[in-house]
Amino acid sequence: MARLSGKAAIITGGAGGIGAATGEVFASEGAKVALVDIDAGALAEVAAHIRKQVPSAQVLEIARDVGREASAAAIVKETLDAFGRLDILVNNAGIRSYEPLDEAKAETWQKILSVNLLSYAYLAREALPALRQSGKGAMVNISSTHAYNPRAGMGQYDVAKAGIISLTKTLAFEEAERGVRVNAVCPGLTLTPFHVRRFAATGKTEHDLRTEKVDHNIQRRWADPKEVAWPILWLASDEASFMTASVIMADGGTRV
Ligand SMILES: NC(=O)c1ccc[n+]([C@@H]2O[C@H](COP(=O)([O-])OP(=O)(O)OC[C@H]3O[C@@H](n4cnc5c(N)ncnc54)[C@H](O)[C@@H]3O)[C@@H](O)[C@H]2O)c1
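Structure report, in brief.

Reading guide: rules and limits
The residue count restarts for each chain, going from 1 along the sequence in the order it is written. Owing to the predicted nature of the model, reporting of local features is limited to residues with pLDDT of at least 70; listing and counting of side-chain atom pairs is limited to 80 or more, with chain, interface and lining totals taken over all residues. Side-chain figures throughout are based on the complete set of non-hydrogen atoms in the structure, without hydrogens or water. One speaks of a salt bridge when a side-chain nitrogen belonging to Lys or Arg is within 4 Å of a carboxyl oxygen belonging to Asp or Glu. Think of it in three bands: with a 1.4 Å probe and only protein chains considered, a residue is buried below 20% of the maximum accessible area for its type, exposed above 50%, and partly exposed in between. Nearness here has a simple test: a residue counts as near a molecule or strand if at least one of its heavy atoms is within 4 Å of that partner. Two N or O atoms form a polar contact when they lie within 3.5 Å of each other; inside protein one atom must be a possible hydrogen donor and the other a possible acceptor, and for residues adjacent in sequence the pair counts only when both atoms belong to side chains. Using the Shrake-Rupley algorithm and a 1.4 Å probe, accessible areas are obtained, with residue cover drawn only from the displayed protein chains. For helices the rule is a DSSP run of H or I covering at least 4 residues; for strands it is a run of E covering at least 2, with both sets numbered from the N terminus onward. Gly counts as polar in this scheme, as do all residues outside two lists: the nonpolar Ala, Val, Leu, Ile, Met, Phe, Trp, Tyr, Cys and Pro, and the charged Asp, Glu, Lys and Arg. Here a pair means two rings of Phe, Tyr or Trp (six-membered ring of Trp) with centres within 6.5 Å. Their orientation is stacked below 30 degrees between planes, edge-to-face above 60, and tilted elsewhere. Any Lys NZ or Arg CZ found within 6 Å of a ring centre and within 35 degrees of that ring's normal is scored as a charge over the ring. Should DSSP find at least two bridges between two strands, the strands are taken to pair. For helices, the fitted axis covers only the stretch in contact; all axes are lines through C-alpha atoms, and the angles between them, taken along N-to-C directions, range from 0 to 180 degrees. By the convention used here, residues are in contact when the closest approach between their heavy atoms is within 4.5 Å. By the criterion used throughout, a crossover qualifies as right-handed when its path from the first strand across the helix to the second strand runs clockwise, the strands pointing away from the viewer.

## Quick notes on the pattern of salt bridges
Item 1. Within the structure shown, the criterion is met by 20 salt bridges.
Item 2. Among the ionic pairs, Glu126 bridges to Arg125, the shortest N-O distance being 3.1 Å.
Item 3. Residue classification places Arg125 among the partly exposed residues on the basis of a relative accessible area of 42%.
Item 4. The partner of Arg210 in a salt bridge is Asp224, and the shortest N-O contact between them spans 3.8 Å.

Next comes the structure, spelled out in structure tokens:
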């Protein structure tokens, strides 16, 4: 029996590394999947890949900017129009900025907070009526190890990721009696196309990254995006029925 059989899910940032892997894992477990991303071209490629890997997959492509408040209601409406229900919301879209706080511009703060934090709050708000109606609604918010372990140079990102933990717990407390579970996953170093492109500029290939020994975690390696997608799947599934207001660290044992 597929673990998400009969369920419909929204995954934001669905064209990126972790979002695409989650979309594929969800589809392979029987969910209808609405993938949301600002990059329509990458979204079409990921949707085509999932349909190839999982011929029974029902994948809806929603090309929208989640950083705009109005997108949230539109995304939920498009999903309900296509699938007739909504059981799972995975808030995963994320952007990065590398400004130290003494140089941080208001424009960057606003962009990071809009995409990495407020989009989670607005989509949660708009999705909740349908998630409550599901009877077994589940939300999984993607934060980062850096919510707990902030560093120099990415303060805006780390602040937003810490905010996601707080948002997750507040929503869990507010929704517990309405049957919606809300949890977070904190990925550690995960080898996504973004990082492959970033390191290509320094001369490192994907093979170099896959085989190098890193100091960030006790497994001393990068995660494959699917290694983050599996914990997301579990939290979204009915197997995690006693899990709410929880945070799973999918980080290979990150060193603090
Ligand atoms: N990869 C890692 O090492 C890592 C570690 C910790 C946390 N995370 C978090 O996991 C999540 C996914 O990360 P990833 O590595 O797969 O990232 P990614 O950059 O590969 O994918 C992010 C996706 O979000 C989309 N996106 C960006 N802005 C958007 C917007 N305004 N509207 C709609 N879509 C938008 C991008 O187009 C992209 O497809 C992010 O929240 C990230 O912060 C990643």
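## Structural notes on the site of the ligand
Item 1. Near the ligand you find 30 residues, and of these Ile18, Asp37, Asp65, Asn92 and Tyr157 are the closest.
Item 2. For the ligand, an oxygen atom lies 2.6 Å from a polar atom in the side chain of Asp37.
Item 3. Within the contact set of the ligand, a nitrogen atom lies 2.7 Å away from a side-chain nitrogen or oxygen of Asp65.
Item 4. The protein chains hide 91% of the 830 Å² of surface that the ligand would expose on its own.
Item 5. For the shell around the ligand, the secondary-structure elements that each account for two or more residues are α1 (17–28), α4 (106–134), α5 (155–175) and α6 (193–200).
Item 6. Of the residues assigned to the shell around the ligand, the class counts are 13 nonpolar, twelve polar and five charged.

## Focus on the packing of aromatic side chains
Item 1. For the structure on display, the rule yields one aromatic pair.
Item 2. Residues Phe199 and Trp222 carry aromatic rings whose centres are separated by 5.8 Å and whose planes lie at 85 degrees to one another, so their mutual orientation is edge-to-face. Within this pair, whereas Phe199 is found in helix α6, its partner Trp222 is found in the loop between α7 (206–211) and α8 (225–236), the two being separated by 23 residues in sequence. Both residues of the pair, Phe199 and Trp222, belong to the buried class.
Item 3. Seen from the ring of Phe194, Arg96 lies directly overhead, with NZ or CZ sitting 4.0 Å from the centre.

## As for the sheet that holds strand β4 (residues 88–91)
Item 1. A sheet is described by the order of its strands in space; here seven strands give the open sequence β3-β2-β1-β4-β5-β6-β7, paired in parallel fashion. Looking along the sheet, the strands with just one partner apiece sit at the ends: β3 (58–63) and β7 (247–250). When the angles between neighbouring strand axes are averaged without regard to direction, this sheet yields 15 degrees.
Item 2. Sheet analysis places strand β1 (residues 8–12) next to strand β2 (residues 32–37), joined by five bridges and oriented parallel. Directly across from Ile10, in β2, lies its bridge partner Ala34.
Item 3. In the packing of helix α2 (residues 40–53) onto the sheet, the strands contacted are β2 and β3, and the crossing angle to β3 comes to about 175 degrees.

## Details of the pairing of β4
Item 1. Here β4 shows a buried face lined by Ile88 and Val90 and a second buried face lined by Leu89 and Asn91.
Item 2. Pairing analysis gives three bridges linking β1 to β4, with the strands arranged parallel. Looking across to β4, one finds that Ile10 is bridged to Leu89.
Item 3. Two elements, β4 and strand β5 (residues 138–142), share four bridges in a ladder whose sense is parallel. Within β5, the position partnered with Ile88 by the bridge is Ala138.
Item 4. For the crossover from β4 across α4 to β5, the handedness is right-handed.

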